[in-house]
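# Topology and contacts: notes
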Amino acid sequence: MELTRRGLVAGGLTLASAGRMLTGRSAWAQAAGDSGAATIAFNVALPAWDPTVGGSAVNPTIQAIYQSVFDQYIGQNPDLSFTPGILEKWGWNDAGTQVWMDVRKGVVWHDGSPLTPDDVVWSLTRAGDPKGGNPIQFIWGNLGNFRTDGQRVTADAKQFDPVLFKWMAFLTGYVLPRAYFEKVGPDGFEKKPVGSGPYMVDAFERNAFLRLKANPHYWGGRPAIGTVVFKFVTDAAARIAEIESGSSDVTLEIPYEEYDRLRGKKGIRGVTTPVSNIGMIFITNVPPMLDANVRHAMVMAVDKKLLVDKLLRGYGVPIDTLEAPQYEAYDPSIRTPHDPRRAAELLAKSGFSEKKPVTFTIQTTRGYMPKDYEMIQAIVGMWRRVGIHADIEVYEIAKHFELRAAHKLAPAAFYNWGDAIGDPTTSTGFAMFGPSPHSAWKTKDVDAMIGPLWGERDEAKRIAGWKAVDRYVADNALVLPLLQYVQPILHKSTLNVVPHISGALQPARFTPAA
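## What to know about the overall build of the protein chain
- Secondary structure assignment for the protein chain yields 17 helices and 19 strands.
- Taking 2.2 N^0.38 as the reference for a compact globule, 514 residues should give roughly 24 Å; the C-alpha atoms of the protein chain span a radius of gyration of 23 Å, in line with that estimate.
- Based on the C-alpha atoms only, the size of the protein chain along its principal axes is roughly 70 × 60 × 40 Å.
- Of all 514 residues assigned to the protein chain, the portion counted as buried reaches 59%.
- For the protein chain, the exposed surface amounts to about 19400 Å²; the carbon and sulfur share of it is 52%.
- The positive charge centre, built from 55 side chains, and the negative charge centre, built from 53, are 3 Å apart in the protein chain.

Below, the structure written as structure tokens:
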């Protein structure tokens, strides 16, 4: 049973320091020894280089960098269809008890050593080690008793997992070099990372920039752009200045009014695409969220269409579950109404009103996603009118991951959830399953519905089960889905940029414009 088709179905730079760095841009390209160069004003800094451990490993935005330096077991096209990566073919045995994987020949690491099936076995074994620090260890730990025969790797599975191979194209699904990693250790790998991807690390200054040079021996072909620089510019206004001044060639995740203003400017082009990022508000199962009336009022008070139309200039799709329209378990019949009058009535039943509001804290990023802070401000205003008072706490995205993993998020927390493989397991599943380190609402009733779906072999039954979970979550207001994002990208007209529905901006797909 071969599974290679889509049916397998995702501290910033200050303005002052940016100014100092601009003068060195041409020097960066010269240092890499390449004629073509592209500089990206990127919206998040890279905290760590190991793409398989820690919070950064499950940050969808950072995957753009990881995918430039490292290869995944299975690749993914811009339309989210799957394609061979380090694995050329893969599948399950008929009994669903074993997997087999054929490792690509002729791949070399950036240090010149060959990538072998042993690297694949070691990477999967390390990812499945409960003490290894992989955020989704419980996925990789399903495999064991690895064997190799030539380029083929086989392994036993503790249970059938219908999305195992999808994960190999998603978060933490990267192959790392065993010999090099064991030689230099984790600290040495952070200082000098080695992958097999289309670009090699040429220079890295934490919280400032990353310079990559094209891998001349890349199995997929040398990238058209010889040098790529990621400037870490977490402030949206600074990213706008970067592209408008010509200091950067590409930027993304900027306010949509600025996108509309700049995309027609001479020398600048723009492209947008709906991406597999869901804007949502986590609800944590702590007071006052244990009161169902409070949760339902939170949801009913929010006018999602107004948020999209007014704040995002129409660049977004209002949603009522954690499934975007492109996802396999999307059910258009699940709707949560905008009904502020009913919201006020529910709050009154619990003793709350505009004069005596229920109070809690909501956490959000600011500038990480377009209008994230402004959106939460607007939502807090909508809540206030029905009897909810929410104090806004701003934090960096890294802090969100830290708090979420420790189950210490505020009662409400804004986040953009990425699901580049479009499967309900990796949207509703990990966002709502209590034992998952990525969930905020942790209760036995939801867990009991989700648990049997992890290993369901009947695909129709599996998808129907996830739709039932989505309906239960919506009916009980256990999370507040807001919208599917549309990603804005601005770039110089001298460059062709291919958007990716996963949201990962991949410089290996850049080409010079004719």
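## Things to note about the nonpolar core
- If you look at the biggest cluster of nonpolar residues, it comprises 155 residues, and the most contacted ones within it are Met168, Ile281, Met375, Trp383 and Met432.
- Not counting the four nearest positions on each side in its chain, Trp383 is found in contact with Ile281, Met298, Ala301, Val302, Phe360, Ile362, Ile388, Ala390 and Leu480.

## Points about helix 7 (residues 178-191)
- Taking 1.5 Å per residue, 14 residues should reach 20 Å; helix 7 reaches only 16 Å between its end C-alpha atoms and comes up short.
- At Gly185, helix 7 shows its maximal kink, close to 105°; a proline, Pro186, follows between one and four residues later.
- Restricting attention to buried positions, one finds in helix 7 the residues Tyr180, Phe181, Gly185, Gly188 and Phe189.
- At its buried positions, helix 7 is contacted by helix 4 (117-127).

## Observations concerning the packing of aromatic side chains
- Summed over all chains, the structure comprises 28 aromatic pairs.
- Taking 6.3 Å as the distance between ring centres and 75° as the angle between the ring planes, the aromatic pair formed by Phe204 and Phe232 counts as edge-to-face. Pair noted here: Phe204 is in strand 8 (residues 199-205) and Phe232 is in strand 10 (residues 227-232), with a separation of 28 residues, a long-range link.
- The buried category is assigned to Phe232, whose relative accessible area is 0%.
- Geometrically, the ring pair formed by Tyr415 and Trp417 is edge-to-face, given 6.1 Å between the ring centres and 80° between the ring planes.

## Quick notes on the packing of helix 11 (residues 304-311) against helix 13 (residues 372-384)
- One can describe the packing of helix 11 onto helix 13 by two numbers: an axis separation of 11 Å at closest approach and a directional angle of 140°. Classified by the interaxial angle, the pair formed by helix 11 and helix 13 is oblique. When the axes of helix 11 and helix 13 are compared, the crossing they make is right-handed. Every residue of helix 13 that contacts helix 11 at Leu306, Leu307 and Leu311 is listed here: Glu374, Met375, Ala378, Ile379 and Met382.

## Notes on helix 11
- Restricting attention to buried positions, one finds in helix 11 the residues Lys304, Leu307, Val308 and Leu311. Along the axis of helix 11, the buried residues cluster in a sector spanning 105°; they form a single face. In this structure, helix 11 carries Lys305 and Lys310 as exposed residues pointing more than 90 degrees from its buried face.
- Where the residues of helix 11 are buried, they touch helix 9 (256-262), strand 13 (316-318), helix 13 and strand 17 (479-492).
- For helix 11, the side-chain oxygen to backbone nitrogen distance between the N-cap and Lys305 is 3.4 Å, and the N-cap itself is Asp303.
- Count one or two residues on from helix 11 and you reach Arg313, which has phi positive near 55°.

## Thoughts on the confidence of the model for the protein chain
- For the protein chain, mean pLDDT is 91; residues scoring 70 or higher make up 93% of the total.
- Confidence over residues 1-34 falls short of pLDDT 50; this stretch has 83 contacts with residues more than four positions distant or in other chains.

## Here's the deal with the sheet that holds strand 7 (residues 152-157)
- Taken in spatial order, the four strands line up as 4-5-7-6 in an open sheet, and their pairing is antiparallel. In the strand order of this sheet, the two ends are held by strand 4 (87-92) and strand 6 (143-149), each with one partner. Averaged over all pairs of adjacent strands, the angle between their axes in this sheet comes to 20°, without regard to strand direction.
- As judged from the five bridges shared by strand 4 and strand 5 (residues 98-103), these two strands associate in the antiparallel manner. Note that in strand 5 the partner of Gly91 across the bridge is Trp100.
- Strands in contact with helix 4 are strand 5, strand 6 and strand 7; relative to strand 6, the strand with the most contacts, it is inclined by about 175°.

## Focus: the pairing of strand 1 (residues 37-42)
- Counting buried positions along strand 1 yields five of six residues, so the element is predominantly enclosed.
- Relative to strand 10, strand 1 is paired through six bridges, and the arrangement is parallel. Its bridge partner lying in strand 10, Ala37 is registered against Thr227.
- Inspection of the sheet shows strand 1 paired to strand 11 (residues 250-252) by two bridges, in the parallel sense. Within strand 11, the position partnered with Ala41 by the bridge is Thr251.

## Topic: the environment of Thr116
- Among the structural elements, Thr116 can be located in the loop between strand 5 and helix 4.
- For Thr116, a relative accessible area of 28% gives the class partly exposed.
- Taking C-alpha positions, Thr116 is 28 Å from Leu505, a pair spaced 389 residues apart along the chain.

## So, the pattern of salt bridges
- Under the criterion given, the structure shown has 25 salt bridges.
- Among the ionic pairs, Asp309 bridges to Lys305, the shortest N-O distance being 2.6 Å. Placement of the pair is Asp309 and Lys305 together in helix 11, with a separation of four residues, close to one helical turn.
- Here Asp309 falls in the partly exposed class, since its relative accessible area comes to 34%.
- By relative accessible area, which is 54% here, Lys305 ends up exposed.
- Here the salt bridges share partners, and the residues they tie into one network are Lys166, Glu328, Asp423, Glu459 and Arg462.

Criteria and cut-off values
- Per chain, the residues get numbers from 1 upward, laid out in the order the sequence is written.
- Note on the predicted model: pLDDT of at least 70 is required for a residue's local features to be given, and 80 or more for side-chain atom pairs to be given and counted; whole-chain, interface and lining totals, by contrast, use all residues.
- No hydrogens and no water enter the side-chain calculation; it runs on all heavy atoms of the structure.
- In this description a helix means any DSSP run of H or I spanning at least four residues, a strand means any run of E spanning at least two, and both kinds are numbered starting from the N terminus.
- C-alpha atoms define the radius of gyration, and 2.2 Å times the number of residues to the power 0.38 defines the globule rule.
- Three labels apply to residues, based on accessible area from a 1.4 Å probe with only protein chains included: buried if under 20% of the type maximum, exposed if over 50%, partly exposed otherwise in between.
- Per-residue accessibility takes into account occlusion by the displayed protein chains alone, with areas from the Shrake-Rupley method and a 1.4 Å probe.
- Residues scored as charged are limited to Lys and Arg (positive) and Asp and Glu (negative), so that His and the chain ends carry no count.
- Here the site of a charge means NZ on Lys, CZ on Arg, CG on Asp, or CD on Glu.
- Put simply, buried Ala, Val, Leu, Ile, Met, Phe, Trp, Tyr and Cys residues joined by side-chain atoms within 4.5 Å make one nonpolar core.
- Residues are treated as being in contact if the distance between any of their heavy atoms lies within 4.5 Å.
- Multiplying one less than the number of residues by 1.5 Å gives the expected span of a helix.
- Note on bend: the value at a residue is the angle between axes fitted to the seven residues ending there and to the seven starting there.
- By convention, a stacked pair of Phe, Tyr or Trp rings (six-membered ring in the case of Trp) has centres within 6.5 Å and planes under 30 degrees apart, an edge-to-face pair has planes over 60 apart, and any other such pair is tilted.
- Interaxial angle, 0 to 180 degrees, is taken between N-to-C directions of lines fitted to C-alpha atoms, where a helix line uses only the stretch in contact.
- Comment on the angle field: the value is read as roughly parallel under 35 degrees, roughly antiparallel over 145, roughly perpendicular from 65 to 115, and oblique elsewhere.
- Two helices crossing with the near one rotated counterclockwise from the far one by less than a right angle form a left-handed crossing, whereas a clockwise rotation gives a right-handed crossing.
- Arc definition: directions from the helix axis to the C-beta atoms.
- Any pair of nitrogen or oxygen atoms within 3.5 Å is treated as a polar contact; in protein, a donor-acceptor pairing is required on top of that, and neighbouring residues in sequence qualify only through side-chain atoms on both sides.
- On a range of 0 to 100, pLDDT expresses the predictor's confidence in each residue.
- At least two bridges found by DSSP between two strands is the condition for calling them paired.
- What makes a salt bridge here is a side-chain nitrogen of Lys or Arg within 4 Å of a carboxyl oxygen of Asp or Glu, nothing more.

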